[in-house]
Amino acid sequence: MATQFKRLSFVVTPEMEESLNRMKQEIFYNRTQSHMIRELLSAGVRATKAEKAAKGSSCEQAS
């Protein structure tokens, strides 16, 4: 993992806060909240890239 981190701030809705709190208790109970957020962001980026790649390959197949 990188040795230097950049600090970010963001706002979450009450619904998002509830979901994050639940995930912290159930899945990330032994990790920091910062670690949890980094993991969730990484998972979202990977999922977005995979979805984009899948759409790209399905478009190529349709041609």
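Not measured: the values here are computed from a predicted model.

Digging into the overall build of the protein chain
When helices and strands are counted, the protein chain shows two helices and zero strands. Evaluated residue by residue, the protein chain yields a buried proportion of 8% over its 63 residues. Surface summary for the protein chain: the accessible area is close to 5,900 Å², and the carbon and sulfur share equals 55%.

Observations concerning the pattern of salt bridges
Applying the stated criterion across every chain, the model contains two salt bridges. Across the salt bridge formed by glutamate 18 and arginine 22, the nearest N and O atoms sit 3.3 Å from each other. Of the two residues, glutamate 18 and arginine 22 both sit in helix H1 (residues 14–26), four residues apart, roughly one turn of that helix.

So, the layout of surface pockets
Its boundaries defined by the atoms lining it, the largest pocket holds a volume of some 560 Å³. The wall of the largest pocket is formed by 14 residues, among which Leu8, Phe10, Ser34, Ile37 and Arg38 lie closest to the centre. Those elements that place two or more of their residues in the lining of the largest pocket are H1 and helix H2 (33–62). Looking at the lining of the largest pocket element by element, the count peaks at six residues for H2. Tallied by class, the residues present in the lining of the largest pocket amount to nine nonpolar, two polar and three charged.

Overview of the environment of leucine 20
Take leucine 20: it is sitting in helix H1. The buried category is assigned to leucine 20, whose relative accessible area is 16%. Ignoring sequence-local partners within four residues, the contact set of leucine 20 consists of Val12, Met36, Ile37 and Leu40.

Reading guide: rules and limits
- Residue numbers restart at each chain and count upward from 1, following the sequence in its written direction.
- Two thresholds apply to this predicted model, a pLDDT of at least 70 for residue-level local features and 80 or more for giving and counting side-chain atom pairs, whereas whole-chain, interface and lining totals are computed over all residues.
- The basis for every side-chain value is the complete set of non-hydrogen atoms in the structure, without hydrogens or water.
- Runs of E in the DSSP output that reach at least two residues are strands. Runs of H or I that reach at least four are helices, and both are numbered from the N terminus.
- When accessible area is computed with a 1.4 Å probe and restricted to protein chains, residues below 20% of their type maximum are described as buried, those above 50% as exposed, and intermediate ones as partly exposed.
- We get accessible surface area from the Shrake-Rupley algorithm with a probe of 1.4 Å; when it comes to residues, only the shown protein chains can shield them.
- We define a salt bridge as a side-chain nitrogen of Lys or Arg found within 4 Å of a carboxyl oxygen belonging to Asp or Glu.
- Throughout, the protein atoms alone are placed on a 1 Å grid, and a set of points is a cavity if a 1.4 Å probe fits but cannot get out or a pocket if it is open with protein on both sides within 12 Å along at least five of seven lines; lining residues have an atom within 4 Å of a point.
- Grid points are joined across faces, edges and corners, and a volume is the space filled by probe spheres set on the points.
- Residue classes follow a fixed rule: Ala, Val, Leu, Ile, Met, Phe, Trp, Tyr, Cys and Pro count as nonpolar, while Asp, Glu, Lys and Arg count as charged, and any other residue, Gly among them, counts as polar.
- Note on definitions: a residue-residue contact is assigned when non-hydrogen atoms from the two residues lie within 4.5 Å.

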